[in-house]
Amino acid sequence: MDKPMKLTMTTEAPTGVDWNYEVKYDGFRALLHWTSSRIQLMSRNGKDLSKQFPEITKLHETIKPSTLPFTLDGELVILNTPYQANFEAIQQRGRLRSDDKITDKAEERPATFMAFDLLKNPEAPYTKRRKALTHAVQELKTDRIQLVESFAQLEQIDELVIRHRGEGMVAKQTNSTYQYGRRSKQWQKVKNWRTVTVFLTRYDPSNDYYSCGLYDGDEIVPTGKFKHGLDDDQSETLKAFFKQKGEEIDRVWHLPPSVCVDVHCLGIHDGEFREPLFKDFRFDLKPAACTKEQLEWDLAMVPPDVPVSNEDKRLWPNQTKRDYLIYLREIAPYMLPFLEDKKLTVIRYPDGIEAESFFQKHLPDHAPDYIGAWVEAGKTYMTCTTVEALLWFGNQAAIEWHIPFQKAGGTDPDEIVFDLDPPDRDAFSTAVLAARLLHHLLNEMGVHSFVKTSGSKGIQVHIPIEEGSMSYDETRRFTESLASLIIKEKPDLFTMERLKKNRGKRLYLDYVQHAKGKTIVAPYSPRAKQEASTAVPLYWHELTEELRPEHFPFTDVVERVQKLGCPFAHYNDVRGLQPIETMKSL
């Protein structure tokens with residue numbers, strides 16, 4: 001069995017016109033063999049993975065490529081974002097043995113084969129193979145097999161890898177051939193390291209591993225171990241130090257917290273580093289600086305050029321600014337796509353949600369250069385297009401993020417939003433019912449829709465459309481017509497009455513809010529509520545009577561999207577699929 005070509009590790013990516021760059025995904029390296037009778041997935045070590053991933057291997061039953069057989073080289077992943085894979089999730093999938101569990105997981109969170117080479121003609125140069133690969137993958141027309149993007153400029157991919165906290169990148173020489181099983185300097189990988197600071201706790205002479213730990217309160221907890229990265233002098237000095245200052249127990253040397261080190265890794269899972277590499281000693285630090293809180297900050301990969309102040313300040317009763325900034329950094333690849341083309345309005349709470357607040361939409365004079373600006377009618381508005389900008393606003397205690405329905409400079413909306421506003425949180429189940437009725441009507445029309453909590457007391461239903469496909473007058477007629485149908489169904493529960501005093505206990509179907517100059521809370525924006533609730537995207541099947549807005553504090557949202565995926569992942573993909581003429585005729 002042929003084994004895939006190997007990569008050479010390097011600390012800096014090579015540059016020049018004869019290099020292209022690809023995102024390095026964190027999953028299982030595999031070869032996909034497609035014949036007329038089956039698809040087989042083989043790991044780089046020759047293990048057959050076909051049974052574990054039926055969502056890929058069964059594609060041959062419905063897709064008939066024009067040319068067979070062929071073999072793809074790539075990475076088997078479960079995607080969090082287009083450029084970030086979830087290694088823990090794919091690892092768990094690989095361990096499953098029950099057919100029923102495999103089927104359930106394949107439907108719940110399907111894997112993707114990210115293809116980066118077609119091995120039909122391995123002697124051909126990379127650019128020629130790349131062209132053939134692009135044609136082969138595009139012909140398949142399935143999300144389960146996708147093409148790894150190729151970039152000619154290092155700066156393009158560098159920004160993507162940083163934003164998405166990806167594993168790293170691969171530089172490939174444009175004239176490189178494919179060499180089965182060989183390690184080549186024509187393919188070079190650069191890791192996107194998370195650098196964490198820990199102290200040493202043990203040295204095991206039997207395998208040369210050094211164990212590390214940190215403080216969680218007063219308790220020492222393990223973070224993992226490493227053996228690579230030390231030069232010969234560092235290794236000998238460290239071994240001697242352990243033997244001089246440590247205590248030998250069962251042939252393992254133990255050391256009280258005293259020596260701090262920086263370790264490169266791709267993360268920490270179940271008390272173990274992923275792909276650790278020693279970076280440096282930290283003689284400037286005392287062990288007390290190695291804490292769980294600092295570890296969380298290091299793993300979040302906050303850009304160093306973002307100023308951070310008063311990170312221990314409580315913005316919510318149970319969450320600090322540090323907690324909030326870590327959330328913004330980790331949610332950035334999910335949240336930024338909804339912000340970056342639009343003028344931004346934030347609500348700032350400099351002293352926390354229980355103190356005074358104010359709206360801000362104009363660019364302040366003291367804003368750094370990475371804060372976007374949009375000049376319109378002599379006024380300069382704020383935009384947010386980068387991780388640095390997102391975190392700068394967060395450091396300014398911008399807690400709520402609101403965006404208009406049209407792009408900056410646009411006159412027509414690029415989305416329609418129904419705001420389902422119950423009288424209070426106790427009536428949240430009424431908003432659930434309204435959303436489900438609306439979803440039924442939209443499905444009958446073939447309209448693609450998405451749902452999220454408002455983070456306050458209601459639910460919002462989003463319909464992405466192409467800019468210019470409908471005017472605000474047309475979207476208003478559409479929203480009013482659907483609202484009328486829902487009210488006709490349940491007049492005792494729903495109303496379009498604008499005056500609160502006349503609504504009683506009925507839910508307000510706010511179609512008036514969808515207008516030029518109005519805004520809606522952005523997906524993944526926290527809210528200024530006691531429990532730090534979030535405007536969180538949902539899957540439609542999650543709309544049950546048990547659903548509550550307080551179920552989604554921002555501290556739980558990153559884990560949620562990494563476990564379940566982002567319900568708005570295909571938001572932009574369906575814009576051109578909407579039945580616009582049907583919507584206009586309603």
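In what follows, the accompanying structure is described. All of these numbers come straight from a predicted model, not from anything done at the bench.

Conventions and cut-offs
Residues numbered from 1 in each chain as written. Predicted model: local features only at pLDDT ≥ 70, side-chain atom pairs only at ≥ 80, totals over all residues. Heavy atoms only, no water. Pairing = 2+ DSSP bridges. Helix = DSSP H or I, 4+ residues; strand = E, 2+ residues; numbered from the N terminus. Contact = heavy atoms within 4.5 Å. Axes fitted to C-alpha atoms, helices over the stretch in contact; angles between N-to-C directions. Parallel < 35°, antiparallel > 145°, perpendicular 65-115°, else oblique. Left-handed = near helix turned anticlockwise from the far one by under 90°. Nonpolar A, V, L, I, M, F, W, Y, C, P; charged D, E, K, R; others polar. Disulfide = S-S within 2.5 Å. Buried < 20%, exposed > 50% of the residue type's maximum accessible area, 1.4 Å probe, protein only. Patch = residues over 30% accessible without salt bridge, like charges linked within 9 Å, V, L, I, M, F, W, Y side chains within 5 Å. Areas by Shrake-Rupley, 256 points an atom, 1.4 Å probe, with all protein chains shown as cover. Salt bridge = Lys/Arg side-chain N within 4 Å of Asp/Glu carboxyl O. Lys, Arg positive; Asp, Glu negative; His and termini not counted. Charge placed at Lys NZ, Arg CZ, Asp CG, Glu CD.

## Some words on the sheet that holds strand 2 (residues 19-24)
Inference 1: Pairing within the open sheet is mixed, and its 5 strands lie in the order 1-12-11-2-10. In this open sheet, the two strands that pair with only one neighbour each are strand 1 (6-9) and strand 10 (150-151).
Inference 2: Where strand 11 (residues 168-173) lies against strand 12 (residues 183-191), 5 bridges are found, and the strand directions are antiparallel. Bridged to Val170 within strand 12 is Lys189.
Inference 3: Against the sheet, helix 4 (residues 126-140) makes contact with strand 2, strand 10, strand 11 and strand 12, and its axis sits at roughly 50 degrees relative to strand 2, the strand it touches most.

## Quick look at the packing of helix 10 (residues 428-445) against helix 11 (residues 472-489)
Inference 1: At their nearest, the axes of helix 10 and helix 11 sit 10 Å apart, and the two run at 120 degrees to each other. Compared by their axis directions, helix 10 and helix 11 come out oblique. Crossing handedness for the pair helix 10 and helix 11: right-handed. Residues Ala434, Leu437, Leu438, Leu441, Leu442 and Met445 of helix 10 form the contact with helix 11, whose own contacting residues are Phe478, Leu482, Leu485, Ile486 and Glu489.
Inference 2: Classifying every residue of the contact of helix 10 with helix 11 gives 10 nonpolar, no polar and 1 charged.

## Here's the deal with the state of the cysteines
Inference 1: Within the structure shown, the criterion is met by 0 disulfides.
Inference 2: There is no disulfide at Cys212, and the cysteine sulfur nearest it, in Cys290, is 9.4 Å away.
Inference 3: Cys260 supplies the cysteine sulfur nearest to Cys290, a cysteine that is in no disulfide, at a spacing of 3.7 Å.
Inference 4: A relative accessible area of 0% places Cys290 in the buried class.

## Considering unusual backbone geometry
Inference 1: A cis amide bond, omega -5 degrees, links Leu68 with the succeeding residue Pro69.
Inference 2: Assignment of secondary structure puts Pro69 in the loop between helix 1 (54-57) and strand 5 (70-77).
Inference 3: Within the chain, Arg165 stands out as a residue other than glycine whose phi angle is a positive 50 degrees.
Inference 4: With respect to the helices, strands and loops of the structure, Arg165 is situated in the loop between helix 5 (154-163) and strand 11.
Inference 5: A positive phi angle is found at Met301, which is not glycine, with a value near 65 degrees.
Inference 6: Position of Met301 relative to the elements: it lies in the loop between helix 7 (292-300) and strand 22 (314-316).

## Let's talk about the environment of Ser525
Inference 1: With respect to the helices and strands, the residue Ser525 is situated in the loop between strand 34 (519-521) and strand 35 (537-538).
Inference 2: Spatially, the C-alpha atoms of Ser525 and Glu581 are 33 Å apart, while their sequence positions differ by 56 residues.
Inference 3: Look past the residues within four positions of Ser525 in its chain and what remains in contact with it is Met335, Ile399, Glu400, Trp401, Ser533, Thr534 and Ala535.

## Topic: the sheet that holds strand 32 (residues 494-495)
Inference 1: With respect to topology, 6 strands assemble into an open sheet ordered 32-33-29-31-30-35, the strand pairing being mixed. Among the strands making up the open sheet, the edge pair consists of strand 32 and strand 35.
Inference 2: Two strands pair when backbone bridges link them, and strand 29 (residues 415-421) and strand 33 (residues 507-510) are joined in this way by 3 bridges, in the antiparallel orientation. Bridge pairing in strand 33 places Asp421 opposite Tyr508.
Inference 3: Strands strand 29, strand 30 (450-453), strand 31 (459-464), strand 32 and strand 33 of the sheet are contacted by helix 10, whose axis makes an angle of about 20 degrees with strand 31.
Inference 4: Strands strand 29, strand 31, strand 32 and strand 33 of the sheet are contacted by helix 11, whose axis makes an angle of about 35 degrees with strand 29.

## Thoughts on the environment of Glu444
Inference 1: Relative to the helices and strands, Glu444 resides in helix 10.
Inference 2: Here Glu444 falls in the exposed class, since its relative accessible area comes to 61%.
Inference 3: Considering only alpha carbons, one finds Glu444 and Thr10, 434 residues apart in sequence, at a separation of 54 Å.

## A few points about the pairing of strand 12
Inference 1: Sheet analysis places strand 1 next to strand 12, joined by 4 bridges and oriented parallel. Directly across from Met9, in strand 12, lies its bridge partner Lys189.

## Here we look at a positive patch on the surface
Inference 1: Side chains of Lys3, Lys6, Arg44 and Arg183 sit close together on the surface and give a patch of like positive charge.
Inference 2: Its location among the elements puts Arg183 in strand 12.
Inference 3: On the accessibility criterion, Arg183 (53% relative accessible area) is exposed.

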